[in-house]
Amino acid sequence: MTDALLSAVQGGLDVVDLGRQLRVGMPQSPNHPQFWHTLPRRHGDMTRADGGSAANDMITMGCHVGTHIDALAHVSHDGLMFGGVDAMQAGVGGKYDALGVHSIAPMIRRGVLLDIAGLHGVSCLDGGYEITVGDLEAAAKNSDGGVGEGDVVLIRSGWGTKFAEGGAYVGGPSGVPGVGEAGAQWLAERRIHAAGADTIAFERLAPGGGHALLPAHRVLLVESGIYLIEALDLEELAGRGWAEFTLVLVPLNIYGATGSPVRPLAVRAA
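This is a predicted model, so every value here is computed, not measured. (Residues numbered from 1 in each chain as written. Predicted model: local features only at pLDDT ≥ 70, side-chain atom pairs only at ≥ 80, totals over all residues. Heavy atoms only, no water.)

### Some points on a nonpolar patch on the surface
Right, so step 1: A grouping of L5, L6, V9, L13 and V15 is seen on the molecular surface, where their side chains present a nonpolar patch of about 430 Å² in accessible area.
Right, so step 2: Of all the secondary-structure elements, those providing two or more residues to the nonpolar patch are α1 (4-10) and β1 (13-17).
Right, so step 3: The element that contributes the greatest number of residues to the nonpolar patch is α1, accounting for three residues.
Right, so step 4: Following the sequence through the fold, L5 ends up in helix α1. (Patch = residues over 30% accessible without salt bridge, like charges linked within 9 Å, V, L, I, M, F, W, Y side chains within 5 Å. Areas by Shrake-Rupley, 256 points an atom, 1.4 Å probe, with all protein chains shown as cover. Salt bridge = Lys/Arg side-chain N within 4 Å of Asp/Glu carboxyl O. Helix = DSSP H or I, 4+ residues; strand = E, 2+ residues; numbered from the N terminus.)

Shown next, in the form of structure tokens:
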């Protein structure tokens, strides 16, 4: 029997890379350890008798740096994580056994792009703009089949165009556009599997407010068990007009971690 998925692959695929390149000095949340890459051994540091030589690498980074996914262990509220898990007890031993990133199954799911910047006819929403329920509903009407249970919903604000600028992407005084509590509730009501955005913290950051209040994280991670994907590159996806696609995402299998860098792919038949 011919496998339908294999036949589709052999027929040719069109792939859009949604992940950011990991580079020293890239913009990131100040709450997490910086990305660093170095070469402990370079070519010529040691040469074998036959003339061969090898280089190797070492990286250090926080698990919420670059394009990454938040595990359910990442956020608690009033001492509890998703499912009523005691956050303090769960962290005894330095690992989150129940809700760590190792518990996230590889994702091969329907992806939906909600292009809010495109909806407003701008390249980028203003800093601190709160994406409303009306925005989400209007953008969903532009996608084939809307937003359904089990989908991975990616929200484009256009803020990703600032990634190369460094500090401007982080927001700070300007704030960052994104959904607020109402928008997060709208997503949760649709029982999606994961939500992502092209911004550093997924949700709206008030001008000058930083990460002081993150209600969407509470609604989605703690109350609803919905994973968050942050710092996505959604510009090519929007430019191609892909409102619906297959989303492929596999976190690193790090036992007990609160998140993982990822390189998500949007895939369609060629």
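### A word on the environment of A243
Right, so step 1: Along the chain, A243 turns up in the loop between α8 (235-240) and β13 (244-249).
Right, so step 2: Setting aside residues up to four positions removed in sequence, A243 forms contacts with G111, V112, L113, N142, S143 and D144. (Contact = heavy atoms within 4.5 Å.)

### Comments concerning the packing of aromatic side chains
Right, so step 1: A complete count under the given rule lists one aromatic pair for this structure.
Right, so step 2: Ring geometry for F163 and Y169: centres 5.0 Å apart, planes at 75°, overall edge-to-face.
Right, so step 3: A residue is classified by how much of its surface remains accessible, and F163, at 11% relative accessible area, is buried.
Right, so step 4: Look at Y169 and you get buried, because its relative accessible area is 1%.
Right, so step 5: Between R20 and the ring centre of F163, over which it is positioned, the NZ or CZ distance is 4.4 Å. (Phe/Tyr/Trp six-rings, centres within 6.5 Å; stacked < 30°, edge-to-face > 60°. Buried < 20%, exposed > 50% of the residue type's maximum accessible area, 1.4 Å probe, protein only. Lys NZ or Arg CZ within 6 Å of the ring centre and 35° of its normal.)

### So, the sheet that holds strand β7 (residues 107-115)
Right, so step 1: Spatially, β1-β15-β13-β7-β9-β11-β12-β4-β14 is the arrangement adopted by the nine strands of the open sheet, whose pairing is mixed. Both outer strands of the open sheet, β1 and β14 (259-261), are each paired with one neighbouring strand and no more. Averaged over all adjacent pairs, the angle separating strand axes in this sheet is 30°, with direction ignored.
Right, so step 2: Where β7 meets β13, six bridges bridge the pair, whose relative direction is antiparallel. The residue bridging I108 from the neighbouring strand is V248, located in β13. (Pairing = 2+ DSSP bridges. Axes fitted to C-alpha atoms, helices over the stretch in contact; angles between N-to-C directions.)

### A look at the side chain of T199
Right, so step 1: Along the chain, T199 turns up in the loop between β11 (194-197) and α7 (215-223).
Right, so step 2: You can call T199 buried: its relative accessible area is 1%.
Right, so step 3: Those residues in contact with T199 that sit more than four places away from it in its chain are S157, W159, Y169, V176, P177, E230 and A231.

### Description of the packing of helix α4 (residues 133-141) against helix α6 (residues 181-189)
Right, so step 1: In the contact formed by α4 and α6, the axes pass within 8 Å of each other and the chain directions differ by 40°. In terms of orientation, α4 lies oblique with respect to α6. Contact residues: α4 offers V133, L136, E137 and A140, while α6 offers A182, G183 and W186.
Right, so step 2: Tallied by class, residues from the contact of α4 with α6 come to five nonpolar, one polar and one charged. (Parallel < 35°, antiparallel > 145°, perpendicular 65-115°, else oblique. Nonpolar A, V, L, I, M, F, W, Y, C, P; charged D, E, K, R; others polar.)

The values are spatial; any link to function lies outside them.
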